[in-house]
Amino acid sequence: QVQLRESGGRLVRPGGSLTLSCTASGRTFTSVGMGWFRQSPGKEREFVAAVSWNDDTTGYADSVKDRFVLSKDNAKNTVYLQMNNLRPEDTAVYFCNAPYEHCSGYVCPDYYWGQGTQVTVSS
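Everything in this summary refers to the structure shown in the same document. Because the structure is a prediction, the values reported are computed rather than measured.

**Thoughts on the pairing of strand β4 (residues 33-39)**
Buried residues dominate β4, accounting for six of its seven residues. Where β4 hands over to strand β5 (residues 46-52), the hairpin turn is made up of six residues, of which Gly 42 adopts a positive phi near 80 degrees. In this sheet, strand β9 (residues 92-99) lies alongside β4 in antiparallel orientation, the contact comprising five bridges. Residue pairing in the sheet places Gln 39 in a bridge with Val 93 of β9.

**Some words on the nonpolar core**
Residues Leu 4, Met 34, Trp 36, Leu 81, Met 83 and Tyr 94 are the most contacted members of the largest nonpolar core, which totals 30 residues. Taken together, the elements giving at least two residues each to this core come down to β3 (18-25), β4, β5, β7 (68-73), β8 (78-83), β9 and β11 (117-121). Setting aside residues up to four positions removed in sequence, Tyr 94 forms contacts with Glu 6, Leu 20, Trp 36, Phe 37, Arg 38, Val 48, Phe 68, Leu 81, Met 83, Gly 116, Thr 117 and Val 119.

**Section: the sheet that holds strand β1 (residues 3-7)**
Pairing is antiparallel in the open sheet, where four strands are placed in the order β1-β3-β8-β7. Looking at the sheet topology across the chains shown, the edges are occupied by β1 and β7. Between one strand axis and the next, the sheet turns through 15 degrees on average, direction left out of account. Pairing of β7 with β8, which is carried by six bridges, proceeds in the antiparallel orientation.

**Some points on the environment of Leu 18**
As for its placement among the helices and strands, Leu 18 is situated in strand β3. The class for Leu 18 is buried, based on a relative accessible area of 7%. Separated by 67 residues in the primary sequence, Leu 18 and Asn 85 place their C-alpha atoms 9.1 Å from one another.

**Things to note about the side chain of Asn 97**
As for its placement among the helices and strands, Asn 97 is situated in strand β9. On the accessibility criterion, Asn 97 (0% relative accessible area) is buried.

**With respect to the state of the cysteines**
Applying the stated rule across the entire model yields two disulfides. Linked covalently through their sulfurs, Cys 22 and Cys 96 form a disulfide whose S-S length is 1.9 Å. Of note, the bridge from Cys 22 to Cys 96 carries an S-S torsion of about 45 degrees and is right-handed in sense. Of the two residues, Cys 22 sits in strand β3 while Cys 96 sits in strand β9, which places them 74 residues apart along the sequence. This pair shows no difference in class: Cys 22 is buried, exactly as Cys 96 is. A sulfur-sulfur distance of 1.9 Å marks the disulfide that ties Cys 103 to Cys 108.

Cut-off values and rules
Residues numbered from 1 in each chain as written. Predicted model: local features only at pLDDT ≥ 70, side-chain atom pairs only at ≥ 80, totals over all residues. Heavy atoms only, no water. Buried < 20%, exposed > 50% of the residue type's maximum accessible area, 1.4 Å probe, protein only. Helix = DSSP H or I, 4+ residues; strand = E, 2+ residues; numbered from the N terminus. Pairing = 2+ DSSP bridges. Core = buried A, V, L, I, M, F, W, Y, C linked by side-chain atoms within 4.5 Å. Contact = heavy atoms within 4.5 Å. Axes fitted to C-alpha atoms, helices over the stretch in contact; angles between N-to-C directions. Disulfide = S-S within 2.5 Å.

Remember that the coordinates give geometry; whether it matters functionally is a separate question.
This is the structure we're talking about:
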């Protein structure tokens, strides 16, 4: 019964910054963490970043390392993806996800998925 909702996507100029948020709602949310994937037309969905709920352990794809920063608010069941120095190649639909409650780690065959939010980097 977990529902994820992303927000914050919009058109932004190259070099600009944008922060996305993802909030989980439902009866009970006890996932070990939450992460972000993105997908551009004609390309496969790729991992962006993830964070653990019980601590601040994070992981980032090489393509966004040192540009994107994850943070979280456990009380709000919300994660934030701060994206800096955006490039046209960052244009994609960004999806947040969370492993099912039975998963012992973030890497798991079973994820809840949000509907995605469009980020377009263009002048």
